[in-house]
Amino acid sequence: MKVTPKKFLGQHFLTDLNIAKDIADTVDACPDIPVLEVGPGMGVMTQFLMPKPREIKVVEIDRESVEYLHENFPKLDNNIIGEDFLRMDLEKLFDGRQFVLTGNYPYDISSQIFFKMLDNKELIPCCTGMIQREVAQRIAAAPGNKAYGILSVMIQAWYNVEYLFTVDEYVFNPPPKVKSAVIRMTRNDVLDLGCDERLFKRVVKAVFNQRRKMLRVSLRQLFSAATMPDADFFGNEIMTKRPEQLTIAQFVELTNLVASVIE
């Protein structure tokens, strides 16, 4: 049997075996722990993950693909999970052990996958895989770059990001309308941001939602009329910057500044 790519699941099956092997080999930078592959489809990457000396599990939402995997990868039988990755309890996956997350991720949910990774960052020291090139560029972007945004800051606060290589459209069935890219994210040494994590997220999202405005304008949406800080707060030097100019450390500083007037 062959699996038909389904548009509603955002499926684009990789057909180039050399690229599939190159993506599978990105997990080698994080040895000795299990691997979870998201969205294996017909197992083009899975076949190169399986010989590696580590535990492999795959999670696939498409029933047709699950059936295909059971038929063609009998050795994986008990490790094929027919579920929605975004709804899974990752703590239970490898009995609370850390694992590498990898896959040829569905483009329309790749950002959600990475936000789930962030929510489980203590379990996922390493994440690799293929996504839309534009999203990969955003994740890897440095301050001052037009692509630098919410994903860049949230991920780079906790992970070192490597943009590994670009993949052309013609190696997929059906070909996507955009180029793809393979990235690797490895946990950095940060154990504590040095600010309130939830407030950090709120601040980052708020200012990037009005990314062309200076912080003294975009930050106002965080306050009600009753809690609006005085002129001294908005007169702080950092307030003349726009969000894409701020480093992670400056976002932490900004969060602590906001916390000092909210409390």
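What comes next concerns the included structure. (Residues numbered from 1 in each chain as written. Predicted model: local features only at pLDDT ≥ 70, side-chain atom pairs only at ≥ 80, totals over all residues. Heavy atoms only, no water.)

Thoughts on the overall build of the protein chain
Part 1 of the argument: Helix and strand content of the protein chain: 10 helices and 9 strands.
Part 2 of the argument: Residues classed as buried in the protein chain amount to 49% of the 263 residues present.
Part 3 of the argument: Taking the intrachain contacts of the protein chain between residues at least 6 apart in sequence as the baseline, contacts between residues at least 24 apart amount to 68%.
Part 4 of the argument: Accessible surface, the protein chain as shown: approximately 13,100 Å² in total, 48% of it carbon and sulfur.
Part 5 of the argument: For the protein chain, the centre of its 32 positive side-chain charges and the centre of its 35 negative side-chain charges are spaced 6 Å apart. (Helix = DSSP H or I, 4+ residues; strand = E, 2+ residues; numbered from the N terminus. Buried < 20%, exposed > 50% of the residue type's maximum accessible area, 1.4 Å probe, protein only. Contact = heavy atoms within 4.5 Å. Areas by Shrake-Rupley, 256 points an atom, 1.4 Å probe, with all protein chains shown as cover. Lys, Arg positive; Asp, Glu negative; His and termini not counted. Charge placed at Lys NZ, Arg CZ, Asp CG, Glu CD.)

Looking at the pairing of strand β3 (residues 56–59)
Part 1 of the argument: Residue alternation in β3 divides its side chains into two sets, I56 and V58 and K57 and V59, and both sets are buried.
Part 2 of the argument: Across 4 bridges, strand β2 (residues 35–38) lies against β3 in parallel orientation. The partner of E37 across the bridge, within β3, is V58.
Part 3 of the argument: Two elements, β3 and strand β4 (residues 80–81), share 2 bridges in a ladder whose sense is parallel. By the bridge assignment, V59 is partnered in β4 with I81. (Pairing = 2+ DSSP bridges.)

Details of helix α3 (residues 63–72)
Part 1 of the argument: Within α3, the full set of buried residues consists of S65, V66, Y68 and L69. Seen end-on, α3 carries its buried residues on one side only, within an arc spanning 160°. (Arc of directions from axis to C-beta.)

Concerning the pattern of salt bridges
Part 1 of the argument: For the structure on display, the rule yields 13 salt bridges.
Part 2 of the argument: Linking E197 and K121 is a salt bridge whose minimum nitrogen-to-oxygen distance equals 3.1 Å. Highlighted residues: E197 in helix α7 (residues 197–208) and K121 in the loop between α4 (110–119) and β6 (126–132), separated in sequence by 76 residues.
Part 3 of the argument: A relative accessible area of 10% means that K121 is categorised as buried.
Part 4 of the argument: Several salt bridges share partner residues, and in doing so they unite K21, D25, D28 and K52 into one network. (Salt bridge = Lys/Arg side-chain N within 4 Å of Asp/Glu carboxyl O.)

Focus: the packing of aromatic side chains
Part 1 of the argument: Within the structure shown, the criterion is met by 6 aromatic pairs.
Part 2 of the argument: Judged by centre distance (5.4 Å) and plane angle (45°), the ring pair of F94 and F99 falls under tilted.
Part 3 of the argument: Ring geometry for F233 and F234: centres 5.0 Å apart, planes at 85°, overall edge-to-face. For the pair formed by F233 and F234, the shared burial category is buried.
Part 4 of the argument: Through a chain of ring-to-ring contacts, three or more aromatic side chains come together here, namely Y148, F208 and F251.
Part 5 of the argument: In this arrangement the basic side chain of K121 is found over the ring face of W158, its NZ or CZ atom lying 4.3 Å from the centre. (Phe/Tyr/Trp six-rings, centres within 6.5 Å; stacked < 30°, edge-to-face > 60°. Lys NZ or Arg CZ within 6 Å of the ring centre and 35° of its normal.)

Quick notes on the sheet that holds strand β7 (residues 159–167)
Part 1 of the argument: Ordered in space as β4-β3-β2-β5-β6-β9-β7, the 7 strands form an open sheet in which the pairing is mixed. With partners counted over all chains shown, the strands left at the sheet margins are β4 and β7, one partner each.
Part 2 of the argument: Most of the contacts of helix α1 (residues 17–24) go to β7, to which it runs at about 175°, and overall it touches β6, β7 and β9 (180–187). (Axes fitted to C-alpha atoms, helices over the stretch in contact; angles between N-to-C directions.)

Focus: the state of the cysteines
Part 1 of the argument: This structure, assessed with the given rule, holds 1 disulfide.
Part 2 of the argument: Summary of cysteine pairing: C127 is not part of a disulfide, and the nearest cysteine sulfur, belonging to C126, is at 7.3 Å. (Disulfide = S-S within 2.5 Å.)

That is the geometry; function is a separate question.
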